[in-house]
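Tertiary structure, described
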Amino acid sequence: MRHFLVFCFGIIFSTNLLIAQLPKKSSTSDIYHSVQKLNFLGTALYIAAHPDDENTRLISYLSNEVKARTAYLSMTRGDGGQNLIGTELRELLGVLRTEELLAARRIDGGEQFFTRANDFGYSKHPDETLEIWNKKAVLGDVVWAIRTLKPDVIINRFDHRSPGSTHGHHTSSAMLSVEAFDLASDQSAYASQLSLTDTWQPKRLFFNTSWWFYGSEENFRNADKSKMLSLDVGVYYPLMGLSNNEIASMASSQHLCQGFGRVSSRGSENEYIELLKGDLPKNKDNIFDGIDTSWSRVKGGKAIGELLYGVENNFNFKDPSQHLPQLLAAYKLLQNISDEHWKAIKTLELEEVIANVLGLYLEASSEETDAVPGSKITIDVEALKRSKADLKLNSVSITGNATSLSTNIPLKTNIKENFKIDFKIPENTNYTSPYWLAKKGSLGMYTVDDQELIGRAETPIPFMATFHMAIEGTPIALKRPVVHHYSKPDKGELYEPFEVLPEITARINDKVIIFSDSNSKDIPVQIRAGRDNVAGKISLSVPPSWKVTPSEIDFSIAQKGDENTVHFKVTPPNKESEGEITPKVTIDKKVYSQELVIINYDHIPRQSVLLPASIKAVRLNIQKAGENIGYIMGAGDDVPKSLEQIGYKVFPIDLNEVQEGTLANYDAIVVGIRAYNVVDALRFKQRYLLDYVKNGGNLIIQYNTSGRSGLDFPNLAPYPLTVSRDRVTDENSPVTILANNHPLVNVPNQITENDFKGWVQERGLYFPNEWGKEFTPILSMHDKGESATQGSLLVAPYGKGNYIYTGLSFFRELPEGVAGAYKLFANMLSLGKTNSNLDNTPKN
């Protein structure tokens, strides 16, 4: 049982491949490549901190040139990053970046795993990282990955010997890897894991170094390389028609939400790996040198190898089905070896090779994309053999359900067989939402209690179809996931995961609702049916001293997928207050309070995410001046929605239409995050924005990223301004108001240091560190042990207006309903307005 569980952990990647895209139709070159990998019994594990940290050149090289089983262990799912292609942040961004990693692995041939560590944002030191992460738990997850994957070699992306020199997550990933390298073989370490797996000792640990870690190419050329291996990762694969670094570029380009789309590269290119632990290979071109990676590695494997090496050395590219007798003979021998680890891995690989040489197509497709527990669905089954081999399909069963269809028919060459299976989804079936979000986590950790789930990239597929066959008399059972296969006129043929979802979900579109006075607000709640003919009652749970009417509303929805919108009136208290508003839907005495979020991009499979339907409600005494705000969207944020919450009218600005005088009607203009990094038109339109300021407007520019040489934008500001990489990562770090008498902290809202309580993830990032004398720094802040930085909020008069540059993380704080951030942003928008412009409506 222990080895079977490890086997499931190891192959979850392979099964999830099939739901992410059209099933792969293998050419003879692909089959030959699979046979080569089948004959390599060695594993490499690459370890780093985030999605997009991985070196796809090295992962592809190890998988496609060396033919090793290669995996990437990412400490986090990247929740703390930004998003260049949409508005998903935090846990939704983590789901998106998880799928981008899986898309990358589908290209470079690697597998993907994770720990339970949560990306809480930039960290300056591993001490902070490991405290927030819960070092013991994350270290245990790394040990678990090593024990289950059983790598011969481990490669760290980052250097464990340089704490404080880079992102704390980066250094922590290396430190944990170094420690886990030894602990994985210690029976007293994380002993509870050993009921499911065995101890394991990897042979070698490397650091994937480069000139970057030495400060310059010259320093690296002069460095001692006696313990380094140099690998040419630019090798060309004639069977693929691609260079390794071309494959790597395509893989890394899947990280689109992080702006990693790139032109592919070709030609010789060296990667260096420095030995940290273990013996140094004598052949410095071979990371596995001295490690037996042949079939002789396992007892009873020699005879298997003789068969499979013969297939590889004499491969028939014209008709690979000619190798079926040797493949079946190897399959029978493989079932008798005692090494359960390699038996499980190689059985799966060999089964797929056999299926491919047979030209076998097997599919199990639900007629619906999703269903609810307890419902009945129909599965369309297709089986097709495109070779002359003798094959009998005995039965098809659905795992996770007792349903089985007895077929007992021979499959004729190129004659498709179709069947239907009707079955009921068990009432206790788990929903297929990301498993790591099922329970509330902490700032630094996901809550996952099931050891068998820890490390997996995705939630296990709810139902698998098992095709029980006899191939030339040899019994073989091949598994395929139950999917939803359909087509769209504008998309063509599509495959999506089949999902199990609740019978009802509810959603309030605004995740934060700001009440700027004690007046009631209408709160629309959308109810979505997960099945036909659903009816019940819905109510709103509100904070103490808040009121809601009516107390509940009856609803009925006839058709699955339809939505009804009901309206409640919520009245806040007279004084400032905040809390949660939660829809509660009751059907047959069962209460539901989740919302369904769909993440849908062309480069990843569609994701259905279930989250708590609660929203944050804030009763806030806030004043503002002006009404019409122009917004230039950058890399994507929800700031415009947040400004509308406090009564502003926000208008998106199309830079193509901006000319002299077209901006005059805006009371203020806000430039979205990273706009000067991603919006090329700003290079041509910036002069109009500065003219707008000169003529009396307020221009607020939010953070932009800066390289080592600064932000390359000549006329970013009307005065000298240098954007640096300075940041304050502790959201609770002390803030000092420098310009106590400046209107920015006095009009129309009094700003005090209390307004910087309750911030999330960070204070801000990419602060300017040099500026002209015309600028006034408003705030001072710093992380623990560092000198204060004063560039988080700068303001300068220019002509009749004001230019404001801020690296404060308003794009995080406003959508989270941070009251002080709202007040400060309202002051920025109101700067320079006369008292008569202020919204002086009495606040109760």
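None of the values given here were measured: they were computed from a predicted structure.

Within the element layout of this structure, Asp108 appears in helix 4 (residues 90-108). Its relative accessible area of 0% is what places Asp108 among the buried residues. Within the local environment of Asp108, its side chain forms a polar contact with the side chain of Arg105, the two groups lying 2.7 Å apart.

If you walk through the whole model with that rule in mind, you get 23 aromatic pairs. Here Arg77 stacks its cationic end above the ring of Phe114, 4.1 Å away from the centre of that ring. Here the guanidinium or amino end of Lys521 rests over the ring plane of Phe515, the centre of that ring lying 5.3 Å away.

This paragraph deals with helix 17 (residues 819-830). Counted at 1.5 Å a residue, the expected span for helix 17 with its 12 residues is 16 Å, and the 17 Å between its end C-alpha atoms agrees. Among the 12 residues that make up helix 17, 11 are buried, leaving the element largely enclosed by the rest of the structure. Taken residue by residue, helix 17 has Gly820, Ala821, Tyr822, Lys823, Leu824, Phe825, Ala826, Asn827, Met828, Leu829 and Ser830 as its buried positions. At the exit of helix 17 stands Gly832, carrying a positive phi of roughly 85 degrees.

Here Ile581 shows up in strand 27 (residues 577-587). Taking relative accessible area as the criterion, Ile581 reaches 0% and is therefore assigned buried. Here the alpha-carbon distance between Ile581 and Asp198, two residues 383 residues apart in the chain, equals 47 Å.

In this section: the pattern of salt bridges. Scanning all chains against the criterion turns up 37 salt bridges. With a shortest N-O distance of 2.9 Å, Lys511 and Glu595 are connected by a salt bridge. Residue Lys511 is found in the loop between strand 20 (504-507) and strand 21 (512-515), and its partner Glu595 is found in strand 29 (residues 594-599); the two are separated by 84 residues along the sequence. Judged by its relative accessible area of 34%, Lys511 falls in the partly exposed class. Given a relative accessible area of 5%, Glu595 falls into the buried group.

Viewed as axis vectors pointing N to C, helix 2 (residues 28-38) and helix 10 (residues 301-313) meet at an angle of 145 degrees, and their least axial separation amounts to 10 Å. Judged by the twist between their axes, the crossing of helix 2 over helix 10 is left-handed. Taking contact as the criterion, the partners of Tyr32, Val35, Gln36 and Leu38 in helix 2 are, on helix 10, Leu308, Val311 and Glu312.

The next subject is the nonpolar core. Judged by nonpolar contacts, the single largest core of 80 residues is most densely connected at Tyr803 and Phe825. Among the elements that line this core, the one with the most residues is helix 17, at seven residues. Listed in part, the 54 residues of the second largest apolar core include Leu38, Trp295, Leu411 and Ile421.

Moving on, we get to helix 2. Each turn of an α-helix holds 3.6 residues, which means side chains three or four residues apart point in the same direction. Taken together, the buried positions of helix 2 are Ile31, Tyr32, His33, Val35, Gln36, Lys37 and Leu38. Residues of helix 2 that are buried sit in contact with helix 3 (56-65), helix 10 and helix 12 (340-357).

The next subject is the sheet that holds strand 22 (residues 521-529). Reading across the sheet, the four strands line up as 20-22-26-24 and stay open at both edges, with antiparallel pairing between neighbours. At either end of the open sheet lies a strand with only one pairing partner, and these are strand 20 and strand 24 (547-549). Here the strands of the sheet are splayed against their neighbours by 30 degrees on average, with no regard to which way each runs. Pairing geometry for strand 20 and strand 22, over four bridges, is antiparallel.

An order of 33-32-34-35-42-41-39 is seen for the seven strands of this open sheet, with the pairing classed as mixed. Since the sheet does not close on itself, it has two edges, and those belong to strand 33 (649-652) and strand 39 (776-777), each with one partner. Of the strands in this sheet, strand 32 (628-632), strand 34 (668-671), strand 35 (698-701), strand 41 (793-798) and strand 42 (801-806) touch helix 17, which is tilted by about 140 degrees from strand 35.

Let us look at the packing of helix 3 against helix 9 (residues 244-252). One can describe the packing of helix 3 onto helix 9 by two numbers: an axis separation of 8 Å at closest approach and a directional angle of 125 degrees. Between helix 3 and helix 9, the interaxial angle falls into the category oblique. Like other packed secondary-structure pairs, helix 3 and helix 9 cross with a definite hand, here right-handed. Each of Thr56, Arg57, Ser60, Tyr61 and Asn64 in helix 3 lies in contact with helix 9, whose residues at this interface are Asn244, Ile247, Ala248, Ala251 and Ser252. Its residues assigned to classes, the contact of helix 3 with helix 9 shows four nonpolar, five polar and one charged.

This brings us to the pairing of strand 2 (residues 69-74). Most of strand 2 is tucked away: six of the six residues are buried. Across the two faces of strand 2 the burial is the same, with Arg69, Ala71 and Leu73 and Thr70, Tyr72 and Ser74 all buried. In this structure, strand 1 (residues 43-48) lies alongside strand 2, joined through six bridges in parallel fashion. Residue pairing in the sheet places Leu45 in a bridge with Ala71 of strand 2. As a crossover connection, the stretch from strand 1 through helix 3 into strand 2 is right-handed. Bridging between strand 2 and strand 3 (residues 111-114) involves four bridges; their strand directions are parallel.

Along the chain, Thr549 connects to Pro550 via a cis peptide bond; the corresponding omega equals -10 degrees. Tracing the backbone through its elements, the reader meets Pro550 in the loop between strand 24 and strand 25 (553-557). Residues Val747 and Pro748 are joined by a peptide bond in cis, for which omega reads -5 degrees. Along the chain, the position of Pro748 falls in the loop between strand 37 (735-737) and strand 38 (764-771). For Arg90, which is not glycine, the phi dihedral falls at a positive 50 degrees. Mapped onto the elements of the fold, Arg90 is located in helix 4. Here the phi dihedral of Tyr766 falls at roughly 55 degrees; this positive angle occurs in a residue that is not glycine. Summarising the element assignment, Tyr766 is placed in strand 38.

Another aspect to go through is the side chain of Glu417. Among the secondary structure elements, Glu417 is positioned in strand 15 (residues 417-424). It turns out Glu417 is buried and unbridged, and the closest side chain with the opposite charge, Lys412, is 6.5 Å from it.

Attention now moves to the environment of Tyr805. Within the element layout of this structure, Tyr805 appears in strand 42. For Tyr805 and Ile471, which are 334 residues apart along the polypeptide, the C-alpha to C-alpha distance reads 70 Å. In contact with Tyr805, other than residues within four places in its own chain, are Ile701, Gln702, Tyr703, Asn704, Leu716, Leu721, Val723, Tyr766, Pro768, Ser792, Leu793 and Leu794. Separated by 3.3 Å, the side chains of Tyr805 and Asn704 make a polar contact.

Definitions and cut-offs
- Residues numbered from 1 in each chain as written.
- Predicted model: local features only at pLDDT ≥ 70, side-chain atom pairs only at ≥ 80, totals over all residues.
- Heavy atoms only, no water.
- Helix = DSSP H or I, 4+ residues; strand = E, 2+ residues; numbered from the N terminus.
- Buried < 20%, exposed > 50% of the residue type's maximum accessible area, 1.4 Å probe, protein only.
- Polar contact = N/O pair within 3.5 Å; in protein donor to acceptor, adjacent residues only side chain to side chain.
- Phe/Tyr/Trp six-rings, centres within 6.5 Å; stacked < 30°, edge-to-face > 60°.
- Lys NZ or Arg CZ within 6 Å of the ring centre and 35° of its normal.
- Expected span 1.5 Å × (residues − 1).
- Salt bridge = Lys/Arg side-chain N within 4 Å of Asp/Glu carboxyl O.
- Axes fitted to C-alpha atoms, helices over the stretch in contact; angles between N-to-C directions.
- Left-handed = near helix turned anticlockwise from the far one by under 90°.
- Contact = heavy atoms within 4.5 Å.
- Core = buried A, V, L, I, M, F, W, Y, C linked by side-chain atoms within 4.5 Å.
- Pairing = 2+ DSSP bridges.
- Parallel < 35°, antiparallel > 145°, perpendicular 65-115°, else oblique.
- Nonpolar A, V, L, I, M, F, W, Y, C, P; charged D, E, K, R; others polar.
- Right-handed = clockwise from strand over helix to strand, strands pointing away.
- Lys, Arg positive; Asp, Glu negative; His and termini not counted.

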